[in-house]
Amino acid sequence: QVQLVESGGGLVQAGGTLRLSCAASGRFVRIDAMGWYRQAPGKQRELVASITTAGTTNYADSVKGRGTISRDNAKNTVYLQMNSLKPEDTAVYYCNVNLRSSWGRQGIDYWGQGTQVTVSS
């Protein structure tokens, strides 16, 4: 079994900073890509940022310059720091991890339970 535990969401004022974390645990041999998605009410889930095992990052245009994704491979954890938060950043944030349960198997995507981020104006 694989578990993803997210933390760090909450209520923040516009212009503030938030740091989300997502730790993976369970039986797996390798974590490949890790990322953060978000879903606002009435909208589709969208990619916020992703990071490969080599550390290559990708950001949605809406968070470029304000968001930083990082990972600690020793802790099987991915982080997302968001600065200069805006009300439009309000959403449920989900971590996504692609990992392999055993060598020779393809990676499978797992999702965290989601953490609410609310930015007040």
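The residue numbering used here restarts from 1 in each chain and proceeds along that chain's sequence as written. Owing to the predicted nature of the model, reporting of local features is limited to residues with pLDDT of at least 70; listing and counting of side-chain atom pairs is limited to 80 or more, with chain, interface and lining totals taken over all residues. As a rule here, side-chain values come from all non-hydrogen atoms in the structure, and water together with hydrogens is ignored.

K.L.:
Just checking my understanding: could you explain the overall build of the protein for this structure?
P.N.:
The helix and strand tally for the protein stands at zero helices and 11 strands. Along its sequence from the N terminus, the protein presents helices and strands in the succession β-β-β-β-β-β-β-β-β-β-β. When we talk radius of gyration, it's over C-alpha atoms, and the globule rule is simply 2.2 Å times the number of residues to the 0.38. Here the C-alpha radius of gyration of the protein, 14 Å, is about what a compact globule of 121 residues would show, namely 14 Å. Expressed as lengths along the three principal axes of its C-alpha atoms, the size of the protein is roughly 50 × 25 × 25 Å. Only DSSP runs of H or I with at least four residues qualify as helices, and only runs of E with at least two residues qualify as strands; both kinds are numbered from the N terminus onward.

K.L.:
Hey, could you run me through the pattern of salt bridges in this one?
P.N.:
If the charged atoms of two oppositely charged side chains come close together, the side chains can form a pair. One speaks of a salt bridge when a side-chain nitrogen belonging to Lys or Arg is within 4 Å of a carboxyl oxygen belonging to Asp or Glu. Counting across every chain of the model gives six salt bridges. Note that D32 and R100 form a salt bridge whose closest N and O atoms lie 3.0 Å from each other. Taken as a pair, D32 in strand β4 (residues 30-39) and R100 in strand β9 (residues 91-100) lie far apart in primary sequence, 68 residues in all. With a closest N to O distance of 3.2 Å, D61 and K64 form a salt bridge. In this scheme, a residue with accessible area under 20% of its type's maximum is buried, one over 50% is exposed, and one in between is partly exposed, where area comes from a 1.4 Å probe on protein chains only. A residue is classified by how much of its surface remains accessible, and D61, at 65% relative accessible area, is exposed.

K.L.:
So what exactly am I meant to see when it comes to the nonpolar core here?
P.N.:
The tendency in soluble globular proteins is for nonpolar side chains to be buried side by side. One finds W36, I69, V78, L80 and Y93 to be the most contacted residues of the largest nonpolar core, which totals 30 residues. Per-element tally for this core: the top contributor is β9, with five residues. In this structure Y93 touches E6, L20, W36, Y37, R38, V48, L80, M82, G114, T115 and V117, once residues within four positions along its chain are discounted. Among buried residues, those of type Ala, Val, Leu, Ile, Met, Phe, Trp, Tyr and Cys that are joined through side-chain atoms within 4.5 Å constitute a nonpolar core. Between two residues, a contact is recorded if the distance between any of their heavy atoms is within 4.5 Å.

K.L.:
Explain the sheet that holds strand β3 (residues 18-26) here, please?
P.N.:
Adjacent strands of a sheet pair through backbone hydrogen bonds, lying either parallel or antiparallel. Within the open sheet, the four strands sit side by side as β1-β3-β8-β7. Their pairing is antiparallel. The open sheet is flanked by β1 (2-7) and β7 (67-72), the only strands paired with a single partner. Between one strand axis and the next, the sheet turns through 15 degrees on average, direction left out of account. In short, DSSP must find at least two bridges between two strands for them to pair. One ladder, built from six bridges, connects β3 with strand β8 (residues 77-82); its direction is antiparallel. If you follow R19 over to β8, its bridge partner there is Q81. In this analysis, axes come from line fits to C-alpha atoms, helices being fitted only over the stretch in contact, and the angle between any two N-to-C directions falls in the range 0 to 180 degrees.

K.L.:
Help me out: how do you make sense of the pairing of strand β5 (residues 46-51) in this one?
P.N.:
Direction of pairing for β4 relative to β5: antiparallel, over a ladder of five bridges. Following the sheet pairing, G35 is matched in β5 by S50. Counting the residues in the hairpin turn of β4 and β5 gives six residues, including G42, whose phi is positive at 80 degrees. Of the pairings in the sheet, the one linking β5 to strand β6 (residues 57-59) comprises three bridges and is antiparallel in character. Its bridge partner lying in β6, S50 is registered against N58. Between β5 and β6, which follow one another and run antiparallel, lie five residues, and G55 among them has a positive phi close to 95 degrees.

K.L.:
In this structure, what is going on with the pairing of β9? I would like to understand it.
P.N.:
If a strand is regular, its side chains alternate between the two faces of the sheet. Among the 10 residues of β9, eight are classified as buried, and the element is accordingly described as predominantly covered. Where β4 meets β9, eight bridges bridge the pair, whose relative direction is antiparallel. When the sheet's bridge partners are listed, M34 is paired in β9 with V97. Here β9 runs beside strand β11 (residues 115-120); their pairing, made up of three bridges, is antiparallel.

By themselves, these are just geometric observations and shouldn't be taken as functional.
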